Amino acid sequence: MLSKHALLPALQQRITRRIKAIADRDARFGSNRVRVTSYMENIGWPELFGFDMNRFLTDADFSIEMQLREKIFWADNSDDDSVIDLNVLATTGMYYDMTLFGQRIHHTPDGVPVFDPHPLVEAPDPGLIKPFDFYTTGDMPVLIGLYRRMCDLSVREYGGLLRVIFPHFHRGPLDVCVQMRGFDNFIADTFERPDTVHAFLDLFSEARLRFARDRQHFLGEPALPATTFVADDWVNIPFISPRIFHEFVVPVYRRIAANEGAVTGFHTCGNFERVINELLAVFPDIHRIEISGWNDVLRLDEVVSPQVGFDLSIINTLVLAGSEEDQRQVLEKMALVSSHRRVQLCAQAMVKMVSYDDTISRMNRFIALAREIFASASPA
């Protein structure tokens, strides 16, 4: 195993090698080719490297070391087109933003987040959500301390070459509301107390803006980012209906766009075929849309303007456990779309099946198959 002091030069070497590998593929398949990326699901790393996720989320030195090791591992073992860089993220977990509203979250050693019941489960009262303090509420003291120590370590031990990223609040209001109120309660609320649902969603959208301004001040940045992003996994039909999306989600999305500026990216892991054009209408600055594997790409291709690029994701069970015949069927549909639309592909969320060697081998075989199939189509 590489010593900690050898990690930075080793990573720099991998970055150079990855840049060359991508350039070679561009020369072979064309610069407009469909790029194929993948990534390890975050809960995969603790088992692979044998660490406790709680240490990763609190120990700055350890977090940097493991992020560098993860990047080196990925560069050495994946045949994908993902960019390898010198960025490291200060993080207390994927859902830190919900702790701004009193949500308590713990992590198992292998990284699974465990949510305590929020008081909103029992009482649908927006008054239970108190205004947060950027420096003292929820995970923020730990996150800010972690970030500051990581910045100091970047200068002292890595020559200032590592760029430490402080997270944004990109989670959508729907995600926050459903998580803390509970799904069944939320659905009932949309019928029984719609004004309360609107109040919750507006509260969470205003919190996004407050956080963005506080983050700007904390980091000493001259202005808010020019664009923003929304991640709302509960935009997922039929878990919510098109009526709920139209009546409750669209108004709060308009509010986010008015507050934060151009929304250029949107993520949901779910199916949004029946609302995608309404989504693109409320966020007209989205020119590439992430599409999960739970959607029918050909159906979306029929109804979405060809000027909108598709960033397509493949469900990990298809990559790791699907037959080649099943994989080809899905990839050939995507290749057909790529002949007249800008397309990129991501094999989502790698996890251990039998072993990590087996997982990486299956992933790389899938990537090779995808390149073979896309090479037969003419990129847009």
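Residues numbered from 1 in each chain as written. Predicted model: local features only at pLDDT ≥ 70, side-chain atom pairs only at ≥ 80, totals over all residues. Heavy atoms only, no water.

A. Region of interest: the overall build of the chain. Secondary structure summary: the chain contains 14 helices and 10 strands in total. Taken over C-alpha atoms, the radius of gyration comes to 22 Å for the chain, in line with the 21 Å a tight globule of 380 residues would show. Principal-axis analysis of the C-alpha atoms places the extent of the chain at approximately 55 × 55 × 45 Å. Taking all 380 residues of the chain together, 48% fall into the buried category. With an accessible surface of roughly 17,400 Å², the chain has 53% of that area assigned to carbon and sulfur atoms. Distance between charge centres in the chain, computed from 39 positive and 51 negative side chains, equals 4 Å. (Helix = DSSP H or I, 4+ residues; strand = E, 2+ residues; numbered from the N terminus. Rg over C-alpha atoms; globule rule 2.2 N^0.38 Å. Buried < 20%, exposed > 50% of the residue type's maximum accessible area, 1.4 Å probe, protein only. Areas by Shrake-Rupley, 256 points an atom, 1.4 Å probe, with all protein chains shown as cover. Lys, Arg positive; Asp, Glu negative; His and termini not counted. Charge placed at Lys NZ, Arg CZ, Asp CG, Glu CD.)

B. Spatial organisation of the sheet that holds strand β10 (residues 343-350). Reading across from one edge, β1-β10-β9-β8 is the order of the 4 strands in this open sheet, with parallel pairing throughout. Of all strands in the sheet, those bounded by a partner on one side alone are β1 (36-40) and β8 (288-291). This sheet shows a mean twist of 20° between the axes of neighbouring strands, independent of strand direction. In the sheet, strand β9 (residues 309-314) pairs with β10 via 5 bridges, with the strands oriented parallel. What sits directly across from leucine 312, in β10, is leucine 345. Each of β9 and β10 touches helix α13 (residues 324-338); the most contacted strand, β9, lies at about 170° to it. (Pairing = 2+ DSSP bridges. Axes fitted to C-alpha atoms, helices over the stretch in contact; angles between N-to-C directions. Contact = heavy atoms within 4.5 Å.)

C. Layout of the nonpolar core. Among the nonpolar cores identified, the biggest contains 110 residues, and Tyr253, Phe266, Phe272, Ile289, Phe310 and Leu345 are the most heavily contacted of them. If near-sequence neighbours (up to four positions away) are discounted, phenylalanine 266 is found in contact with Phe229, Val230, Asp232, Val235, Tyr253, Phe272, Leu279, Phe283, Ile286, Ile289 and Glu290. (Core = buried A, V, L, I, M, F, W, Y, C linked by side-chain atoms within 4.5 Å.)

D. Quick peek at a nonpolar patch on the surface. On the surface, Ile43, Val112 and Val114 cluster together into a nonpolar patch covering about 190 Å² of accessible area. On the secondary structure map, isoleucine 43 appears in the loop between β1 and α2 (44-49). (Patch = residues over 30% accessible without salt bridge, like charges linked within 9 Å, V, L, I, M, F, W, Y side chains within 5 Å. Salt bridge = Lys/Arg side-chain N within 4 Å of Asp/Glu carboxyl O.)

E. The arrangement of the side chain of threonine 228 in detail. By the element assignment, threonine 228 lies in strand β6 (residues 227-231). Side-chain polar atoms of threonine 228 contact the side chain of arginine 208, separated by 3.3 Å. Leaving out residues up to four positions away in the same chain, threonine 228 has contacts with His170, Arg208, Glu260, Gly261, Ala262, Val263, Thr264 and Gly265. (Polar contact = N/O pair within 3.5 Å; in protein donor to acceptor, adjacent residues only side chain to side chain.)

F. A look at the packing of aromatic side chains. Overall, the coordinates contain 26 aromatic pairs when judged by the stated rule. Arranged with centres 6.0 Å apart and planes meeting at 35°, the rings of phenylalanine 134 and phenylalanine 166 form a pair that is tilted. A residue pair is termed long-range when its members are at least 10 positions apart, and phenylalanine 134 in the loop between β4 (113-115) and α5 (140-158) and phenylalanine 166 in the loop between β5 (163-165) and α6 (173-181) qualify at 32 residues. The exposure class of phenylalanine 166 is buried, given its relative accessible area of 1%. Aromatic ring contacts, followed pair by pair, group Tyr96, Phe101, Phe134, Tyr135, Tyr147, Phe166, Phe169, Phe200, Phe204, Phe211 and Phe218 into a single cluster. Sitting over the ring of phenylalanine 310, arginine 341 keeps its end group 4.0 Å from the ring centre. (Phe/Tyr/Trp six-rings, centres within 6.5 Å; stacked < 30°, edge-to-face > 60°. Lys NZ or Arg CZ within 6 Å of the ring centre and 35° of its normal.)

G. Spatial organisation of the pattern of salt bridges. Per the stated rule, a full pass over the model turns up 33 salt bridges. In this structure, the salt-bridge partner of arginine 171 is aspartate 175, at a minimum N-O distance of 3.6 Å. Of the residues examined, arginine 171 reaches a relative accessible area of 10% and is grouped as buried. Assessed through its relative accessible area of 6%, aspartate 175 is described here as buried.

H. Seen up close, unusual backbone geometry. Residue proline 238 is reached from isoleucine 237 by a cis peptide bond, and omega for that bond is 15°. Among the secondary structure elements, proline 238 is positioned in the loop between β6 and α9 (242-260).

I. Focus on the state of the cysteines. For the structure on display, the rule yields 0 disulfides. With no disulfide partner, cysteine 346 has as its closest neighbouring cysteine sulfur the one in cysteine 269, 11 Å distant. Judged by its relative accessible area of 14%, cysteine 346 falls in the buried class. (Disulfide = S-S within 2.5 Å.)

J. Fine view of the pairing of β9. The element β9 is extensively covered by neighbouring structure, given that 5 of its 6 residues are classed as buried. Here β8 pairs with β9 via 4 bridges, running parallel. Residue isoleucine 289 lies in a different strand from β9, and its bridge partner there is phenylalanine 310. Traced from β8 through helix α11 (residues 297-303) to β9, the parallel crossover comes out right-handed. (Right-handed = clockwise from strand over helix to strand, strands pointing away.)

K. Examining helix α8 (residues 194-219) more closely. The end-to-end C-alpha distance of α8 is 38 Å, a good match for the 38 Å that 26 residues give at a rise of 1.5 Å each. One or two positions beyond α8, positive phi appears at glycine 220, with a value near 70°. (Expected span 1.5 Å × (residues − 1).)

Interpretation note: all reported values are geometric properties and have no functional meaning in isolation.
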